[in-house]
Amino acid sequence: IESNMNKMPQPTQSSVKTGRGRTIDIVNKGLKRRYRAERRIKIYGITAIVLSLLFLALLFITLVGNGYSAFQQTEIKIDVYFDPMEFEDTLVADANYLAIVKNALRTQFPNVSGRRDKRSLYGLISTGAAFQVRNILLKDRSLIGKHIPVWVPADDDVDMLVKGHMDRRLPESERRLKDKQLAWIDQLAADGRLHKAFNFSFFNNGDSREPELSGIRGALMGSFYTLIVTLLLSFPTGVAAAVYLEEFAPKNRWTDIIEVNINNLAAVPSIVFGLLGLAVFLNFFGLPRSAPLVGGLVLSLMTLPTIIIASRASLLSVPPSIREAALGVGASKNQMVFHHVFPLALPGMLTGTIIGMARALGESAPLLMIGMVAFIVDIPGGFTDPSTVLPVQIFLWADSPERAFVERTSAATMVLLGFLITMNALAVVLRRRFEKRW
């Protein structure tokens, strides 16, 4: 054997160096290729983040640019005279306040004559001016027989002109305001009777056919009542289901089917839940249409899978040593779950619930199916009163032809995004404050 080994050709030093050189070259080529791939992936990721931020910035810039002016309303100052003759044969609440407003305008512009010109003059002021004057007199009836200055909302066309959304250089036939109306507006501005003030009516009024009188209070109250019902139904039910499935349910075919169905329900389109609410809650149980109670029931069904999945993940994040230690010192299974595991998993459950509620706040498709798309003027006062929600209100305004509704649509979207950002920020704060790292 030794003689045979001696006869075999031995590798020379040069051949060893050549083999090592080839191996290093191959490794270096592979490293360079991997480094280039890593740089490309990093560039792709940075590009995706930059594009996302640019699109997000574009969205916010567009919303703010279109909607910030809705938080201001153009007002016109008129001198109202409460003629005692108007209240001799009628109640104060039933007087013709529209005639009082028109009389104030005619007194302010005595040279205006002719039915068409007077109609154009009256069109400078919103129809809600009569209700505002009525409310002033109902609060203080001693004003009868006196002249008082009152700032009343201008018509939406005047408001758009003052805010710069209407080009007055266009020909008269292409403008909603005529040349005479522009002259009267200029005269009001020169006399100090025209200004822009904070639009309190946007937050205090319900919906209206007149853009300058429309507000989001009705939609906000409807969203509030709907989310209250959703929270009261979905949170305890979802948490209880998660605790049972994770801690007490036996692992068999039936629980596997339930878990698969819960995961599938989380991906079901929201409009399917609206169809379910229409078929079950309205047609079968006969609950009132367009009510926060029904909306809350529908949104509870939609948010339950999200809350259950998040709650189960929170329970799974608790280390097994907590369970073993509790059982080791003599605690029962119920005591182990509810005295040790559940308190540690509760912050994660709250986070998942807030995220689910934020999703419910922004939903409109399931609520359209149960009639919450109705035109609601009155502010809802309970869970069974007809109402709408903020996303549906935005949908209704976006379909309106008036230019003034464009800014109100963007302003309402800004308010909705503000609530969503606040709820998600609250979820992050709760998670960071109460989360325990093991």
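Residues numbered from 1 in each chain as written. Predicted model: local features only at pLDDT ≥ 70, side-chain atom pairs only at ≥ 80, totals over all residues. Heavy atoms only, no water.

**Quick look at the side chain of Thr 388**
Under the convention used in this document: Counting from the N terminus, the helices are DSSP H or I runs at least four residues long and the strands are E runs at least two residues long. Buried residues are those whose accessible area, probed at 1.4 Å on protein chains only, stays under 20% of the maximum for their type, while exposed residues exceed 50% and partly exposed ones sit between those limits. Within 3.5 Å is the distance limit for a polar contact, defined as a pair of N or O atoms, with the added protein rule that one can donate a hydrogen and the other accept it, and that residues adjacent in sequence qualify only through two side-chain atoms. By definition in these notes, contact holds between two residues if any of their heavy atoms fall within 4.5 Å.
Turning to its location among the elements, Thr 388 is positioned in the loop between α15 (365-369) and α16 (390-398). Under the relative-accessibility criterion, Thr 388 is labelled buried at 2%. A polar atom in the side chain of Thr 388 sits 2.9 Å from the backbone oxygen of Met 372. Residues within four places of Thr 388 in sequence aside, it is in contact with Gly 218, Ala 219, Gly 222, Ser 223, Met 372, Ile 376 and Gln 393.

**A short note on the packing of aromatic side chains**
Put simply, the rule reads: Only centres within 6.5 Å qualify two rings of Phe, Tyr or Trp (six-membered ring in Trp) as a pair; their planes then separate them into stacked at under 30 degrees, edge-to-face at over 60, and tilted for everything else.
Tallying each qualifying case throughout the model produces 13 aromatic pairs. Ring centres of Phe 198 and Phe 203 lie 6.2 Å apart, and the angle between their planes is 5°; on these two criteria the pair is classed as stacked. Looking at Phe 198, the relative accessible area reads 42%, which means it is partly exposed. Among the aromatic residues, ring-to-ring pairing joins Phe 71, Phe 198, Phe 200, Phe 202, Phe 203, Trp 397 and Phe 405 into one connected group.

**Quick look at a positive patch on the surface**
Under the convention used in this document: Patches draw on residues past 30% relative accessible area with no salt bridge. Two like charges within 9 Å are joined, as are two nonpolar side chains (Val, Leu, Ile, Met, Phe, Trp, Tyr) within 5 Å. What sets the accessible areas is the Shrake-Rupley method with a 1.4 Å probe; for residues, cover comes only from the shown protein chains. By definition, a salt bridge exists where a carboxyl oxygen of Asp or Glu is found within 4 Å of a side-chain nitrogen of Lys or Arg. Asp and Glu are treated as the negative residues and Lys and Arg as the positive ones, with His and the ends of the chain left uncounted. To locate a charge, take NZ of a lysine, CZ of an arginine, CG of an aspartate or CD of a glutamate.
Among the surface-exposed residues, Lys 29, Lys 32, Arg 33, Arg 34, Arg 36, Arg 39 and Arg 40 lie close enough to one another that they form a single positively charged patch. Structurally, Lys 32 can be placed in helix α2 (residues 13-67).

**Overview of the sheet that holds strand β3 (residues 194-198)**
As a reminder, the rule being used: What makes two strands pair is DSSP finding at least two bridges between them. With axes taken as lines fitted to C-alpha atoms, and helix axes fitted only over the stretch in contact, angles between N-to-C directions fall between 0 and 180 degrees.
The strand order β2-β1-β3 describes an open sheet built from 3 strands, whose pairing is antiparallel. A strand with exactly one partner marks an edge of an open sheet, and here the two such strands are β2 (147-153) and β3. Across the sheet, the mean angle separating the axes of adjacent strands is 40° when strand polarity is ignored. Both strand β1 (residues 72-81) and β3 contribute to a ladder of 5 bridges, which runs antiparallel. In the strand pairing of β3, Ile 76 is matched with Leu 194. Contacting β1 and β2, helix α5 (residues 129-139) crosses the sheet at an angle of about 140° to β2.

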